[in-house]
Each structure stands twice: as C-alpha cells, then as structure tokens.
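The chain contents come next:
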Amino acid sequence: MSVVAQHRRTRRNSVLRRLTVAATGAAVLALPLIGASAASAATSTATTASSASTTLAGYPNNLDGWIRESLAIMAEKKIPGTYDGIYRNVMRESSGNPSAINLWDSNAAKGIPSKGLLQVIDPTFKTYHVDGTSFDVYDPVANITAACNYAAARYGSIDNVHGAY
C-alpha cells in the first residue's frame, strides 16, 4: 500500500473517530433530557427551581448546595449523616439527577417507583418527610432529607448505607 493511500485511510479514520465521539457526546448529553421527559412526575418545583442560581435558603442550586442545605436541616432535626455519606449514596442511586425515576425494579412493578436523588418511594417519602421541606419527592432537599431520616431510623445513618436500601 502506498504512503498516500495509507495517509488517506488514517485521515478518514480520524474523521470517523471525531464524528463518532461527537455523536456519542451528543447522546450522553441527551440521555438525562430523555430520562427526565419520560418521568411524568418529574416536572416539579425542583425542575423549575434549577433555573435559579441559589435555593430559597441561599445555598447554591446544585448537588453541593442541596446536600449542604439538607445537612443544615438534618442538624436542626438531629438526623445523623455526613456530606460524604449523602454524596456517595446520591451518586450510586441517581448520579445526581433530581428527576431520576426507576421504572424497572420491583417497586416500579408494584406501581411505586423510586424517585429523585436518593431514589425514595412515595410511601417512604411520606412517612419520613421532614417538616420544613417540600412535599415534592423530586425536590432535591426534601428527597435527601427524607431519605436520610429513613436511613437513620433503619440503619443508624445514611453513612451506614453502602448499597440499595
């Protein structure tokens, strides 16, 4: 094979690789949007609040701020838990997507899918809801705080949860 033909082949492969990477990147960016649109209940105050740069309590309107706001409420209500414990569980359960919903597990089959950052089912959210937070399971602070309240009652703390709970 001539050097010229080899060069074209490499350049062609390079272009194909770039297109593949671009398409993959676009797909990765679109997945959360597709997932969020599939969750009919996901159009919540958490979704509309995310356009603001801070929460009503003045925390950054992102995962870090939601965890910190939840920790402040938890401290006030004497619910144990740490930033690291919450963050670890959020990343495992929802990858930080407050609109996440699980439509395929046993809870979903029963008609009570897990929802939000820490994948809480509605009955658990209602039982462990913490006064002063939203009654919307998709609200990030309400979801984290209720899940931590549940984990404290069942496991002693969210810090003791290292798998599905």
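Coordinates for the structure precede this section.
Notes on the structure in this doc start here. What you are looking at is a predicted structure, and each value in this text was computed from that prediction instead of being measured. (Residues numbered from 1 in each chain as written. Predicted model: local features only at pLDDT ≥ 70, side-chain atom pairs only at ≥ 80, totals over all residues. Heavy atoms only, no water.)

Turning to helix 4 (residues 83-94), a few remarks are in order. Residue pairs three or four apart in sequence face the same way in an α-helix, which turns once every 3.6 residues. In this model, helix 4 (twelve residues) spans 16 Å end to end at C-alpha, consistent with the 16 Å of a helix rising 1.5 Å per residue. Those residues of helix 4 lying buried are Gly85, Ile86, Asn89, Val90 and Ser94. All buried residues of helix 4 fall inside an arc of 125 degrees around its axis, so they share one side. On its buried face, helix 4 is in contact with helix 3 (63-77) and helix 7 (140-155). Once helix 4 ends, the next one or two residues include Ser95, with phi positive near 55 degrees. (Helix = DSSP H or I, 4+ residues; strand = E, 2+ residues; numbered from the N terminus. Expected span 1.5 Å × (residues − 1). Buried < 20%, exposed > 50% of the residue type's maximum accessible area, 1.4 Å probe, protein only. Arc of directions from axis to C-beta. Contact = heavy atoms within 4.5 Å.)

All right, on to helix 3 then. Taking 1.5 Å of rise per residue, 15 residues should cover 21 Å, and helix 3 covers 21 Å from first to last C-alpha, within 8% of that figure. Within helix 3, the full set of buried residues consists of Leu63, Gly65, Trp66, Ile67, Glu69, Ser70, Ile73 and Met74. Tucked into the core, helix 3 has its buried residues touching helix 4 and helix 7. For helix 3, the capping residue at the N-terminal end is Asn62, with a side-chain oxygen 3.1 Å from the backbone nitrogen of Asp64. Positive phi shows up at Lys78, right after helix 3, with a value of about 60 degrees. (Polar contact = N/O pair within 3.5 Å; in protein donor to acceptor, adjacent residues only side chain to side chain.)

Each pair of packed helices gets described by two things: the angle between the helix axes and the distance between those axes. Interhelical geometry of helix 3 versus helix 7 gives an angle of 50 degrees and a closest axis separation of 9 Å. Taken together, the axes of helix 3 and helix 7 lie oblique to each other. Considering how the two elements wind past one another, helix 3 and helix 7 form a crossing that is right-handed. Facing Trp66, Ile67, Glu69, Ser70, Ile73 and Met74 of helix 3, the residues of helix 7 in contact are Pro140, Val141, Ile144, Thr145 and Cys148. Among the residues making up the contact of helix 3 with helix 7, the classes are represented as eight nonpolar, two polar and one charged. (Axes fitted to C-alpha atoms, helices over the stretch in contact; angles between N-to-C directions. Parallel < 35°, antiparallel > 145°, perpendicular 65-115°, else oblique. Left-handed = near helix turned anticlockwise from the far one by under 90°. Nonpolar A, V, L, I, M, F, W, Y, C, P; charged D, E, K, R; others polar.)

Going through the model one piece at a time under the given rule, you end up with four aromatic pairs. Ring geometry for Tyr128 and Tyr150: centres 5.3 Å apart, planes at 70 degrees, overall edge-to-face. Here Tyr128 is found in helix 6 (residues 122-128), whereas its partner Tyr150 is found in helix 7, with 22 residues between them in sequence. Taking 6.5 Å as the distance between ring centres and 85 degrees as the angle between the ring planes, the aromatic pair formed by Tyr150 and Tyr155 counts as edge-to-face. Note on Tyr150: relative accessible area 11%, which makes it buried. Following the ring pairs from residue to residue traces out a cluster consisting of Tyr128, Tyr150, Tyr155 and Tyr165. (Phe/Tyr/Trp six-rings, centres within 6.5 Å; stacked < 30°, edge-to-face > 60°.)

Counting 25 residues, the largest nonpolar core has Ile86, Ile144 and Cys148 as the members making the most contacts within it. At the level of secondary structure, the elements contributing two or more residues to this core comprise helix 3, helix 4 and helix 7. Residue contributions to this core peak at eight residues, all from helix 7. The contacts of Ile86, once residues within four sequence positions are left out, are Ile67, Leu71, Met74, Leu118, Ile144, Cys148 and Ile158. (Core = buried A, V, L, I, M, F, W, Y, C linked by side-chain atoms within 4.5 Å.)

Next up on the list: the environment of Asn102. Looking at where Asn102 falls in the secondary structure, it is placed in strand 1 (residues 101-102). Classification of Asn102 by relative accessible area gives buried; the value is 12%. In this structure, the C-alpha to C-alpha distance between Asn102 and Gly116, residues 14 residues apart in sequence, is 9.1 Å. Other than its neighbours up to four places away in sequence, Asn102 contacts Ala108, Pro113, Ser114 and Gln119. Of note is the side chain of Asn102, whose polar atom sits 2.9 Å from the backbone nitrogen of Trp104.

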